Structure formats: C-alpha cells, structure tokens
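# Architecture at a glance
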Amino acid sequence: MTTLTERTYSTAEACVETDVTPREIHWWLHHGLVTPSIHRGISTGSVHRWSETDLSRLRALKLLRLAGVELGAIRRRGLARLRADVNAALDPAQAAGLD
C-alpha cells in the first residue's frame with residue numbers, strides 16, 4: 001500500500017527508472033504479469049501510476065527476461081518465487097544465510 005508521501009511514477013517515468021520499454025510494460029499489463037498498485041487506467045490511453053514496489057517488480061521481470069526465463073514460467077511460478085530463485089543462483093552464500 002502506498003502512503004501519501006510516497007513518490008509515484010507515470011509509465012514513461014517508470015520506463016526511464018527501470019530500463020523497461022513501454023511496449024514491455026503494455027504486454028506485461030495485458031497478460032497480467034504486472035499491475036500498477038496506485039492507479040490502473042480502465043481504458044486505452046489511461047494513465048497508470050506506479051509505486052517504488054511496482055518498479056522493483058518491473059526490474060525483476062526485466063532481469064528474469066534477460067536471464068532467459070520465459071514469460072510462461074514467470075506466470076506459472078510467480079514473480080516473487082522466481083526472483084528468490086534468481087537471487088539464490090546469483091549469490092549462493094546469501095541464499096544459505098552465510099553472509
């Protein structure tokens with residue numbers, strides 16, 4: 001949930017902050033992989049507002065895609081579980097609680 005003081009981002013700003021293209025965001029929205037938690041427009045041309053948490057999800061999706069993870073796998077397993085898997089693969093010591 002977003003507080004009144006938390007910064008929100010338009011889709012264009014979210015793209016700049018996350019290095020995700022507007023087309024990627026549109027596709028992910030269309031397929032239910034992401035949903036802006038602040039405001040989800042209901043018609044074409046509606047303005048979406050994204051929170052910091054939403055930007056983290058966009059970044060995670062982008063990294064998973066760059067790592068070669070298929071979108072179908074992301075949908076099936078869930079973004080949070082896949083992010084944990086990727087983090088463990090990138091830093092086994094941290095995943096084992098050894099850091």
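The following paragraphs examine the structure supplied in this document. (Residues numbered from 1 in each chain as written. Predicted model: local features only at pLDDT ≥ 70, side-chain atom pairs only at ≥ 80, totals over all residues. Heavy atoms only, no water.)

## Points about unusual backbone geometry
Despite not being glycine, D19 shows a phi value in the positive range, around 60°. With respect to the helices and strands, the residue D19 is situated in the loop between α1 (11-18) and α2 (22-30). (Helix = DSSP H or I, 4+ residues; strand = E, 2+ residues; numbered from the N terminus.)

## Overview of α1
By the burial criterion, the buried members of α1 are T11, A14, C15 and T18. End-on, the buried residues of α1 take up no more than an arc of 105°, which puts them together on one face. Summarising the geometry of α1, the exposed residues directed more than 90 degrees from the buried face are A12 and V16. Next to the buried residues of α1 lie α2 and α3 (52-66). (Buried < 20%, exposed > 50% of the residue type's maximum accessible area, 1.4 Å probe, protein only. Arc of directions from axis to C-beta. Contact = heavy atoms within 4.5 Å.)

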